[in-house]
Each structure stands twice: as structure tokens, then as C-alpha cells.
Amino acid sequence: MISAALGEKPISTTMNADESVARGCALQAAILSPLYKVRDFEIKEGLSIPISVGWMGSAADAEAAAGGDDGERMAGVEGEFKTAIVFPVGSPLNTSKYLTFYRKGPFEIKAEYADDRQLVPGTKKSLGTYKIELPPQTESKKVKVKAKLTLSSIFQIELAQLVEDEEYEQVVKEKRELPPSEDTGGETTQAPAETPPPVDEAAAKAEGEEGQKPESNGNANSEKKEPEKKYEWVEVVKKKKRTKQTDLPVVPSGKLGINEPELQTLCDVESAIQADMAEVVETDDRRNDLESHIFNMRDKCSESGEYGEFITSSVRESFMTELTKAEDWLYDEPDPTKVMYIEKLDELKKTSDPVVWRYKESLTRAEWISAVSGTVSNYRSAAENPGEKYGHIAADKLAKISQECTAVSEWLTKLQAEQAKLPKHQQPVLLSAEMEKKNLELAKMADEILKEPKPQPPPPPAEEKKEGAPAAGEKQEPPKPENNAADVD
């Protein structure tokens, strides 16, 4: 069967199905890769069963002039059902053909497989009926129908267009010659007598020597000149022809697959199912959040847990009771919603969030104390020992930096002492956010002072002019040789 489909070519039996797929994938990867040079391969898919269309002939076909069609002419006698194969066996997929009809009103096109013997048992031969909704016309009109064979070997009528030649007016500008003026009466004009043409002196002298020229030459000088032609631009209305294409409705019926209304209904149902599924997934996520929060807080808020030092014993006992109730509700509630999970989690976080915040504050406090202390030390060193880099800055400005460093250092030392006296489960007085703010303020104030540029050095004093040296811009003459100098050959 495969050999017959390939034109009785022998089939190789040295490779199984899995190997064929692997080899094809490797070949395609090599084609796409820039590292390998592969011979060009082209895979063309063709139609295995021919497709034909049928239509009822019309008297309009006889009235229409033959020829001049850019598609296949679908003609027929009035009342005769005609068929023609549009896509024969081997037609490449994803191709289109234009079918030309001449009609005065709506008509139908029926598509079907031309050879039902090659169809799988149970497959319908008919591919559907397409009605072209052409409004009634007084004379035969040209209708172009586009038939397409998709990549999936599915036949369909993509569009239908009414093709008409129409006349339209267009205003253009043309150049026209003006008629001669009335004062000349249509005759040619002569050159004015008071302005004779200039005469060459050499020519006049030669004429005096040679004598009088023939009378014919005198007549040539008195020939009349043609008047200059004049033109004007005028607007002219011209009629031209153009092709007008009007899309016509195509109403399919009986085609394979699901019709449009039913397809839209199924799409709406699918969208509703997806929305419900998204709500179910979101609800499960909120349930998991609540469950994981209960387990984490119960473990970390115990006396030996990670948060044990940051919560008092009384609060811990009441919080553990709340966690137990929330866990019972989580497993016993018959039909909880997403909103209910969120509200229950928010209730538990009113107690757990402050505990977690105090724990995180304790982790970052030491880092910020070190950062602020380092900032104070750096700027104080720059202010007290300016050296060559900051020696040009006024002493009162450097003293201002030293004062601010002292104030920040005292503030930090005071709050450190107070924080050391507080238990970890109480509200801390030395906060990381405040230390960050103090650090930025000190750095901003000190940088504004320390970025003052150095003054420009004074220009060097001008050197005294050497005796005998020429002044600027004065040309220096080379020394003249003495009179008693000996000439040397």
C-alpha cells in the first residue's frame, strides 16, 4: 500500500519507526544549526484524494463573453449540473484557486471527493454546500470564488467577490494653444521699423566693395516673422474605467466539522470551565497558604522555636489556641471559599506578623550598627585629618562634619544601650530603618562639603625679557656679514 502510494517505489526495511523519527529529528536539527552544512531538503505534502466542485449551469454563461478570465471558467448550460475537479491528486497543500462564474443572482457550489473508492469506510463523500449570496442583477455579472486547500487537507471557500467595471470622472489639466490675437487678424507680424537689427561693420564694408547684392537678398531681410505661440492650462473632465470588487456573503451548509454557532457555544462553555478551574486552583492555593502558616507558626513560635524569644508566654498560649482552632476549621469546614481562607489567614497574621517583624529586626540590627559606625569613622577621619585631598576646605566646614559625626555616634550609642536592656519580645527602640535614615543624612551632608573643588593655582610670574631678545611679534633680522669678511668658495 505504501509502495503503491509512492509510485511503486521499493520501500527500505533497514530502519524501524523509532529510528526513522530519530533520524528525521537529527536531520532537521542539522538543517537548523549553523554549524553543519546539509544539502537542501524539501518536503511537499500533496492531496491523496481529488476534490471536485459542482454547480448548476445558467443562461448567463452563454450571454457572458468568453475569455479574459484570470481563473478557471465554470460554465454550463441552463439547467445542467456540471462538475469539475479543482484539486487533483498530488495538489500541494495550502494552495488556492479562483473559480469564475457569470450569474444574475445567488447560486450554490457543492464540493465533494471525486473518487469515493479511496475513502475510509464511513467517510462522507460530500464536503459541503456553499451558497453565494449575489443580489439580483439585470445582466450577467462576473463572480470570482476563491477555493482553498488548507495545510490540513481541508477544502473551503474563503471568499466570493463581485467584479465590475465602472466608469468614473477625473479632472485633469491639459496644455492648450491660444488662438492668435485680434490685432494681427491672424496674420504674421513684422519687426518694428524704428528698431532695425544691428549691422556688422565688416559685413557693411564688404558689401560696399562687392557692390549691390541681388534683389533676392533684400527680400530675405524683409521676410515676416512668425508670432510666438502661447499656451494655457485648462481643466478637462475625462472618463476612465476601473475594476470594482465587492465581497459577497458565503453561507456554508453541510460541511464537515462543527458549524459556527455550535462552535461558538462550545467555546463559551470551555471559557466558563477555564474560569471555574482558575477559581478552584486559586482557592486551593489560599488553602495551602493557610495550612502552611498554621504549621510554620506552631513550630517557630514554640519556646524552643526560632521565634520563641520574640513572643511572650501569655501571647504564645493564646496564639497556639488560635492555631488549633484554625486547623480544626480548615479540616472540618464543609464548603470553604477562597475569601474565607484569606480572612482566616489575616486573623492569624495579626498576631504572627509582629513576632516575625521583631525577629527580622534582630537579624539586620547588627549589620546596620556596623554600617553607621563605619560611616561615622570615615567622615570623622576625613574632617579631622584632611591632608592634601581636603586641606583646601575651610576649617569651620570640616568642624561641622565632625559635630554631626559626634551627634550620630552619641545617638547610636544611647539607643544601643537602651536596646540591650529590652527583652526580645518587646518593641525595639533601635530600628534598622532609622539607622538607614541617619546614615544617608550624614553621608549627604558630608559629601556636599567634601566635594568642594580645589582652587586653581596662581599663574606663574612672567619671565623678564632677556637683553637683546626681540619683543613678541617683532621680526628678527638675520645678522649681516661684515665688509671685511673673506669670501670662501
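See the structure above.
A brief structural summary. Remember, predicted model here, so these are calculated numbers, not experimental data.

**Section: the overall build of the protein**
Next up, step 1: When helices and strands are counted, the protein shows 11 helices and 10 strands.
Next up, step 2: By residue count, 24% of the 489 residues in the protein fall in the buried class.
Next up, step 3: Total accessible area on the protein stands at roughly 35900 Å², and carbon and sulfur atoms take up 51% of it.

**Details of the nonpolar core**
Next up, step 1: Counting residues in hydrophobic clusters, the biggest one holds 29 residues, and the most contacted among them are Val53, Val145 and Phe155.
Next up, step 2: Put simply, the parts of the chain that give this core at least two residues each are strand E1 (51–56), strand E3 (81–87), strand E4 (95–103), strand E5 (107–113), strand E6 (126–132), strand E7 (141–149) and strand E8 (155–177).
Next up, step 3: Not counting the four nearest positions on each side in its chain, Val53 is found in contact with Met74, Lys82, Thr83, Ala84, Val86, Leu99, Ile109, Lys110, Ala111 and Phe155.
Next up, step 4: If you look at the next biggest cluster of nonpolar residues, it comprises 23 residues, including Cys405, Leu412, Ala443 and Leu450.

**Describing helix H7 (residues 313–332)**
Next up, step 1: Taking 1.5 Å per residue as the helical rise, H7 with its 20 residues ought to reach 28 Å, and the 29 Å between its terminal C-alpha atoms agrees with that figure.
Next up, step 2: If you follow the buried residues of H7, they end up packed against helix H6 (260–300) and helix H8 (338–384).

**A word on unusual backbone geometry**
With glycine set apart, most residues show a phi of negative sign, and most peptide bonds adopt trans.
Next up, step 1: One non-glycine residue, Asn94, adopts positive backbone phi at about 60 degrees.
Next up, step 2: Along the chain, Asn94 turns up in the loop between E3 and E4.
Next up, step 3: Judged by its relative accessible area of 42%, Asn94 is partly exposed.

**Structural notes on the sheet that holds E6**
Next up, step 1: Spatial strand order, E3-E1-E5-E6-E10: five strands in an open sheet with antiparallel pairing. Across the chains shown, the open sheet's two edge strands, defined by having one partner strand only, are E3 and strand E10 (250–253). Adjacent strand axes in the sheet meet at a mean angle of 25 degrees, parallel and antiparallel pairs treated alike.
Next up, step 2: Inspection of the sheet shows E1 paired to E3 by six bridges, in the antiparallel sense. Note on E3: the bridge partner recorded for Gly54 is Thr83.

**Some words on the packing of aromatic side chains**
Centre-to-centre distance and the angle between the planes together describe a pair of aromatic rings.
Next up, step 1: Applying the stated criterion across every chain, the model contains seven aromatic pairs.
Next up, step 2: On the numbers, 5.7 Å between centres and 85 degrees between planes, the contact of Phe310 with Tyr359 is edge-to-face. Of this pair, Phe310 sits in the loop between H6 and H7 while Tyr359 sits in helix H8, placing them 49 residues apart in sequence.
Next up, step 3: Given the relative accessible area of 5%, Phe310 is considered buried.
Next up, step 4: Judged by its relative accessible area of 16%, Tyr359 is buried.
Next up, step 5: Aromatic pair Trp329 and Tyr341: ring centres 5.8 Å apart, planes at 80 degrees, arrangement edge-to-face. Of this pair, Trp329 sits in helix H7 while Tyr341 is found in helix H8, placing the two residues 12 residues apart along the sequence.
Next up, step 6: Through a chain of ring-to-ring contacts, the aromatic side chains of Trp55, Phe101 and Phe107 assemble into a single cluster.
Next up, step 7: Taking NZ or CZ as reference, Lys175 lies 4.7 Å from the ring centre of Tyr231, over its face.
Next up, step 8: The positively charged end of Lys438 is found above the aromatic ring belonging to Trp411, 5.4 Å away from the centroid.

**As for the packing of helix H10 (residues 395–421) against helix H11 (residues 432–450)**
Next up, step 1: Two numbers describe how H10 lies on H11: the axes approach to 10 Å, and their chain directions differ by 170 degrees. Considering their axes alone, H10 and H11 lie roughly antiparallel with respect to each other. Where H10 approaches H11, its residues Lys397, Leu398, Lys400, Ile401, Glu404, Cys405, Val408, Trp411 and Leu412 are matched on the opposing element by Glu434, Met435, Lys438, Leu442, Met445, Ala446, Ile449 and Leu450.

**Description of the packing of H8 against H10**
Next up, step 1: At a closest axis distance of 9 Å, the pairing of H8 and H10 adopts a crossing angle of 155 degrees. Judged on the interaxial angle alone, H10 and H8 are roughly antiparallel. Helix-helix and strand crossings are classified by hand; for H8 and H10 the assignment is left-handed. Across from Arg365, Ile369, Val372, Ser373, Val376, Tyr379, Arg380, Ala383 and Glu384 in H8, the residues of H10 making contact are Leu398, Ile401, Ser402, Cys405, Thr406, Val408, Ser409, Leu412, Gln416 and Gln419.
Next up, step 2: Residue composition of the contact of H8 with H10, grouped by class: 10 nonpolar, six polar and three charged.

**Quick notes on the side chain of Ser402**
Next up, step 1: With respect to the helices and strands, the residue Ser402 is situated in helix H10.
Next up, step 2: Residues in contact with Ser402, not counting those within four places in the same chain, are Ala383 and Glu384.

**Quick look at a nonpolar patch on the surface**
Next up, step 1: Together, Leu27, Ile31, Leu32 and Phe41 make up an exposed nonpolar region whose accessible area comes to about 390 Å².
Next up, step 2: Looking at where Leu27 falls in the secondary structure, it is placed in helix H2 (residues 17–32).
Next up, step 3: On the basis of relative accessible area, Leu27 is assigned to the partly exposed category, the value being 33%.

**So, a negative patch on the surface**
Next up, step 1: Side chains of Glu322, Glu343, Asp346, Glu347 and Asp353 sit close together on the surface and give a patch of like negative charge.
Next up, step 2: Take the negative patch: its biggest share by element is four residues, from H8.
Next up, step 3: By the element assignment, Glu343 lies in helix H8.

**Observations concerning H10**
Next up, step 1: The end-to-end C-alpha distance of H10 is 40 Å, a good match for the 39 Å that 27 residues give at a rise of 1.5 Å each.
Next up, step 2: Its buried side turned inward, H10 meets H8, helix H9 (387–390) and H11.

Conventions adopted
- Residues numbered from 1 in each chain as written.
- Predicted model: local features only at pLDDT ≥ 70, side-chain atom pairs only at ≥ 80, totals over all residues.
- Heavy atoms only, no water.
- Helix = DSSP H or I, 4+ residues; strand = E, 2+ residues; numbered from the N terminus.
- Buried < 20%, exposed > 50% of the residue type's maximum accessible area, 1.4 Å probe, protein only.
- Areas by Shrake-Rupley, 256 points an atom, 1.4 Å probe, with all protein chains shown as cover.
- Core = buried A, V, L, I, M, F, W, Y, C linked by side-chain atoms within 4.5 Å.
- Contact = heavy atoms within 4.5 Å.
- Expected span 1.5 Å × (residues − 1).
- Pairing = 2+ DSSP bridges.
- Axes fitted to C-alpha atoms, helices over the stretch in contact; angles between N-to-C directions.
- Phe/Tyr/Trp six-rings, centres within 6.5 Å; stacked < 30°, edge-to-face > 60°.
- Lys NZ or Arg CZ within 6 Å of the ring centre and 35° of its normal.
- Parallel < 35°, antiparallel > 145°, perpendicular 65-115°, else oblique.
- Left-handed = near helix turned anticlockwise from the far one by under 90°.
- Nonpolar A, V, L, I, M, F, W, Y, C, P; charged D, E, K, R; others polar.
- Patch = residues over 30% accessible without salt bridge, like charges linked within 9 Å, V, L, I, M, F, W, Y side chains within 5 Å.
- Salt bridge = Lys/Arg side-chain N within 4 Å of Asp/Glu carboxyl O.
- Lys, Arg positive; Asp, Glu negative; His and termini not counted.
- Charge placed at Lys NZ, Arg CZ, Asp CG, Glu CD.

The values reported here are purely geometric and, on their own, carry no functional implication.
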